[in-house]
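Breakdown of the fold
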2 protein chains.
Amino acid sequence: MQHELKHQKNLQVVLEQVLDLLKKQQLVESLVHKQAMPRHDLVQSLVERQHLVELQKKLERLHPADVAFILENLPLAQRKIVWNLVKVENDGAILLEVSDAVRETLIEEMENSEIIGAAKHLDSDEIADLVPDLPSDMALELLTSLDSQHRAKVQSVLSFPEGTAGALMDFDFVTVREDVSLDVVLRYLRIRGELPEQLDQLFVVDRSNVLKGLLPLRELLIRDADLLVSDVMKTEPIFFYTDDSAREAALAFERYDLISAPVVNLHHQLVGCLGIDVIMDFIDETSQKEILSQVGLQEEEDLFASVWKSAQNRWAWLALNILVAFIASRVIGLFEGTIERIVALATLMPIVANIGGNTGNQTIALIIRGLALDQIHPNNFWRMLYKEVAVSFLNGILWGSVVGLFAFILYHNVSLAIVMITAMIGNLLIASLVGVFTPLLLHKLGRDPAIGSSVILTAMTDSMGFFIFLGLATIFL
Amino acid sequence: MQHELKHQKNLQVVLEQVLDLLKKQQLVESLVHKQAMPRHDLVQSLVERQHLVELQKKLERLHPADVAFILENLPLAQRKIVWNLVKVENDGAILLEVSDAVRETLIEEMENSEIIGAAKHLDSDEIADLVPDLPSDMALELLTSLDSQHRAKVQSVLSFPEGTAGALMDFDFVTVREDVSLDVVLRYLRIRGELPEQLDQLFVVDRSNVLKGLLPLRELLIRDADLLVSDVMKTEPIFFYTDDSAREAALAFERYDLISAPVVNLHHQLVGCLGIDVIMDFIDETSQKEILSQVGLQEEEDLFASVWKSAQNRWAWLALNILVAFIASRVIGLFEGTIERIVALATLMPIVANIGGNTGNQTIALIIRGLALDQIHPNNFWRMLYKEVAVSFLNGILWGSVVGLFAFILYHNVSLAIVMITAMIGNLLIASLVGVFTPLLLHKLGRDPAIGSSVILTAMTDSMGFFIFLGLATIFL
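Bear in mind the structure is a predicted one, so any value in this text is a computation, not a measurement. (Residues numbered from 1 in each chain as written. Chains lettered and ligands numbered in written order. Predicted model: local features only at pLDDT ≥ 70, side-chain atom pairs only at ≥ 80, totals over all residues.)

For the rest of this paragraph, the subject is the overall build of chain A. For chain A, the helix and strand inventory stands at 23 helices and seven strands. A compact globule built from 477 residues would reach a C-alpha radius of gyration of about 23 Å, whereas chain A, at 31 Å, exceeds it by more than 25%. Within chain A, the fraction of its 477 residues that count as buried is 44%. Across chain A, every contact between residues at least 6 apart in sequence was considered, and the portion connecting residues at least 24 apart equals 71%. (Helix = DSSP H or I, 4+ residues; strand = E, 2+ residues; numbered from the N terminus. Rg over C-alpha atoms; globule rule 2.2 N^0.38 Å. Buried ≥ 20, exposed ≤ 12 C-beta atoms within 10 Å, placed from the backbone. Contact = placed C-beta atoms within 7 Å.)

Moving on, we get to the interface of chain A and chain B. Opposite the 104 residues of chain A that make contact, chain B presents 104 residues. At 14 residues, the largest contribution of residues to the side of chain A that touches chain B is made by helix α20 (residues 344-372) of chain A.

This paragraph deals with the pairing of strand β3 (residues 201-205) of chain B. Residues and elements named next belong to chain B. Most of β3 sits out of view: five of its five residues are buried. Side chains Gln-201, Phe-203 and Val-205 of β3 all project onto a buried face; the interleaved residues Leu-202 and Val-204 project onto the opposite face, where all are buried too. Across two bridges, strand β2 (residues 175-176) lies against β3 in parallel orientation. Bridge pairing in β3 places Thr-175 opposite Phe-203. Where β3 hands over to strand β4 (residues 211-216), the hairpin turn is made up of five residues, of which Asn-209 adopts a positive phi near 70°. (Pairing = 2+ DSSP bridges.)

Residue and element names in this part refer to chain B. Along the chain, Glu-299 turns up in the loop between α16 (276-294) and α17 (307-313). For Glu-299, a count of 14 C-beta atoms within 10 Å translates into the label partly exposed. The spacing of Glu-299 and Leu-323 is 24 residues in sequence and 22 Å in space, taken between C-alpha atoms. Excluding residues within four positions of it along the chain, Glu-299 makes contact with Asp-100, Ala-101 and Asn-313.

Right, let's talk about the relation of the copies chain A and chain B for a bit. Structural alignment of chain A on chain B gives an RMSD of 0.1 Å, achieved by rotating through 180° and translating 0.0 Å along the axis. Here the copies are linked by what is in effect a two-fold axis. An overlap of 98% is found between the interface residues of chain A and their copies at the interface of chain B, pointing to a shared contact surface. (Least-squares fit on C-alpha atoms with pLDDT ≥ 70 in both.)

Attention now moves to the sheet that holds strand β2 (residues 175-176) of chain A. Residues and elements named next belong to chain A. Spatial strand order, β2-β3-β4: three strands in an open sheet with mixed pairing. In the strand order of this sheet, the two ends are held by β2 and β4 (211-216), each with one partner. In this sheet, β4 lies alongside strand β3 (residues 201-205) in antiparallel orientation, the contact comprising five bridges. Considered in β4, the bridge of Gln-201 is made with Pro-216.

Turning to the pairing of strand β7 (residues 270-275) of chain B, a few remarks are in order. Two faces make up the sheet, and in a regular strand the side chains alternate between them. Residues and elements named next belong to chain B. Among the six residues that make up β7, six are buried, leaving the element largely enclosed by the rest of the structure. Of the strand pairs in this sheet, strand β6 (residues 260-264) and β7 are connected by five bridges, and their pairing is antiparallel. When the bridges of β7 are listed, Ala-261 appears paired with Leu-274. A loop of five residues connects β6 with β7, the two strands running antiparallel in sequence, and His-268 in this loop sits at a positive phi of about 65°.

If you look at the biggest cluster of nonpolar residues, it comprises 150 residues, and the most contacted ones within it are Leu-274 of chain A together with Leu-274 of chain B. Residues within four places of Leu-274 of chain B in sequence aside, it is in contact with Ala-165, Leu-168, Met-169, Phe-240, Ala-249, Ser-260, Ala-261, Val-263 and Ile-279 of chain B. With 109 residues, the next largest nonpolar core counts Leu-318, Leu-345 and Leu-470 of chain A together with Leu-428 of chain B among its residues. (Core = buried A, V, L, I, M, F, W, Y, C linked by C-beta atoms within 7 Å.)

With domains assigned, chain A is organised as domain 1 (10-162), domain 2 (175-275) and domain 3 (314-476). Relative to domain 2 of chain A, the C-alpha centre of domain 1 of chain A lies at a distance of 36 Å. (Domains from an automatic or database assignment.)

Taking strand neighbours across the sheet as the criterion, the three strands line up as β2-β3-β4 (chain B) in an open arrangement whose pairing is mixed. Looking at the sheet topology across the chains shown, the edges are occupied by β2 and β4 of chain B.

Mapped onto the elements of the fold, Pro-161 of chain A is located in the loop between α10 (148-159) and α11 (165-168). Sequence-wise, Pro-161 of chain A and Ser-245 of chain A are 84 residues apart; in three dimensions their C-alpha atoms are separated by 9.6 Å.

This brings us to the environment of Leu-22 of chain A. Residues and elements named next belong to chain A. Structurally, Leu-22 is set in helix α1 (residues 10-35). On the basis of neighbour count, Leu-22 is assigned to the buried category, with 20 C-beta atoms found within 10 Å. Sequence separation of Leu-22 and Leu-258 is 236 residues, and the distance between their C-alpha atoms is 43 Å.

Next up on the list: the packing of α20 of chain A against helix α22 (residues 414-444) of chain A. Residue and element names in this part refer to chain A. The contact between α20 and α22 brings their axes to 8 Å, and the two run at 30°. The angle between the axes of α20 and α22 places the two elements in the roughly parallel class. Crossing of α20 against α22: the hand is right-handed. Looking at the contact of α20 with α22 residue by residue, the class counts come to 19 nonpolar, nine polar and no charged. (Axes fitted to C-alpha atoms, helices over the stretch in contact; angles between N-to-C directions. Parallel < 35°, antiparallel > 145°, perpendicular 65-115°, else oblique. Left-handed = near helix turned anticlockwise from the far one by under 90°. Nonpolar A, V, L, I, M, F, W, Y, C, P; charged D, E, K, R; others polar.)

Another aspect to go through is helix α7 (residues 112-119) of chain A. All names here are of chain A. Regarding α7, the residues found buried are Ile-115, Ala-118 and Ala-119. End-on view of α7: buried residues confined to an arc of 100°, all on one side of the axis. Where α7 is buried, its residues meet α5 (88-97), α8 (124-130) and α9 (136-145). (Arc of directions from axis to C-beta.)

Residue and element names in this part refer to chain A. At a minimum axis separation of 9 Å, helix α18 (residues 315-333) and helix α23 (residues 453-476) run at an interaxial angle of 10°. Overall, the two elements α18 and α23 adopt an arrangement that is roughly parallel. Counting all contacts with α18, which are made through Leu-320, Asn-321, Val-324, Ile-327, Ala-328, Val-331 and Ile-332, the residues of α23 involved are Val-455, Thr-458, Ala-459, Asp-462, Ser-463, Phe-466, Phe-467 and Leu-470. Each residue belonging to the contact of α18 with α23 can be placed in one class, and the counts come to eleven nonpolar, three polar and one charged.

Attention now goes to unusual backbone geometry. Residues and elements named next belong to chain A. Phi at Asp-257 takes a positive value of approximately 50°, unusual for a residue other than glycine. For Asp-257, the location among the structural elements is in the loop between α15 (246-256) and β6 (260-264). Under the C-beta neighbour-count criterion, Asp-257 is labelled partly exposed, with 18 such atoms within 10 Å.

And the structure:
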């Protein structure tokens, strides 16, 4: 038998095929309806269903993540058709893979009983991921449908605040005692039969469930079977407390190339496991959220969301920016008299404001990066502040001169050029100070510095840029 | 014996300790030098060395990634002291962990012979990572120092362009034949002894090295040892070609929760292996580069880089933005006559320009996200363009009215308010079109859409914002 190699590039092709089948299906339907034939129900439904059956077969052969990809890329009506063709045992896995916005549209299509059916095929930690997105009556019915052990696990995960190791952990681990031989472990695993997909090591615990060490599967394969677990296990395991931040855990996975790691409570008792798959999803979600929220998008938009919904997704940001623009506009308003006298100021003023915003955003990006990597601490803070201010001063003199020269060439006015240079230096210094302190302050307040820093900066560099430039001009020109 | 649990939060503490030891060391040195004592060489060097020995012991107990963290957080002089205390066998691993900017400062401190010594402890793929950052004479000497098999592997990795699966692959895999029993495989592994750190599966190949399937270690532990490899192996392995893009590979790792995957040539012969550790580094590096390049930073800055070097890192961006600001400034210049007549225009015009830039950047973020996830294709392009334009139109009318009302309240001029609304609608439409087409165009041209899209957008929304607003004002007011 020729084996089939599975290659990534097929995914776009599969999507084309699905769209094609859906199109054919629609064509048949519309033909049947248009011709208004006497309804030979059986024949009609056979023809109509032919493509759907083919489609269903195709979907069954796909990985849940691939079905998720296809659902995300289908317009709402077709998404619903495809979603109803998916087998119940895959429903849960697919719901976990799709983006939040698309998940909402899929859940809308489901009955309470369907959700409960889908949840039967999910692990406790996966159910815990899903529950917050369900309507409250559905969530309640789902939780009560679980057996008590299962429910306790789901509730334990749900009890940890978002962004902690506890909220991300799962229960896909196998524990052994340190005083047994590897041979006993091997026989135990064989009897147990199935092992979790991404398992790379066993957790060694004592009678009170306190973590003692880690036993990599690798060692089981190559070490003498007569050795004890305690002889072979790693005795300095990297572990996490339930309330450690998920961000820190992700850094540790990256730093030490981990595949899995134990999660313990304050008594060092094993309570869960972090896997690289969950960590990767967390990293992806975080960086995605960061990019979107930097431009003020509250959530990722479903590609096929309505115009009205998409517009609302962007309003908070627009309102905030209009407020900032209003303030800057009023600052200019203070100097209308000066502008009336020297109209060149109106032409030149946006340069001062814009360059301040640009350099300030560079500083913000570096500070946010430093915060994410835990690199900013009292030991190097002053050194860093000095660097940013000095760079701004240097750039202010250098590029301020370029801009001043430009002003002089255009308006043959030395005083105007000098005002321009001075305003540039001043605004770049403000930009560097605001660029350093804003993200640090937001971080101290427990907020994500990636969100909001840029708006605060722009508010300052715009208003202050106009104020310094027009103020100096009022005094000296 | 009490076992030691290794917890992430210790890292900041370790850094404090290192800094403390370095400070004590400096204190001793300065005391000795200041007092200008008759030099009792032995005593002096003993005292001086005491702290360094302690420091060295501390460093030896640390993971290379942790030493890298500490090096990145030390000022240049102290970084050099610590770097010289690190054992040669860890040099290579540490060089691979530090950021590019810091790596440069460390390599500057090394002799050719030291690099070659460090490389002895590295795998072929790791040497290939390092070579491009070495001065060319050092790189050449390093390559000639390798044995021929080793060198061939290094060169094979170096031969693939950056950003492909081939350039990321390593050789940490174990192959088996499909016609042997699991028992034979188990005995083979035991004889082989050591297994690569992150190995989760064996690659099954035939006599011509063509990939036939994958054999998870898990299966080896629980399946009947009499079964053949071909009975147990996964026959539809997910694999990559050497010239597949690394970005696609990363998407597949995330989608299918992979730990490792084979890399094959066009004849489906196994040539290498992708591991999750490399993929995670790739993802981190890519997202880092994207964030930095969005604000025009050419590379990550060493926390302790000189002011001069940091300033240069930001010049290309500043120059580009000043050019954009000049153009916008000249557009305003066209209408100086109008502004002189109605000075309120100078006060209001930045609002139109800024809001255009803000909404356009939202569109850009969504398009870049869609491109990264392979979600944009001819089937949904028009639908997406329609959505963006419609959202802009809606927001233009809505927020344009708010802004128009603001203008009316300030200046009691209905025509001015209407010009303001019309200009807002016009500029938001331009913003949505530029926001959709700029990243798509850059992507088509094979460029990274995250770099440059935003500058092009700002150039358009600023210039056009001023042009439309002042142009309409000139005609109608």
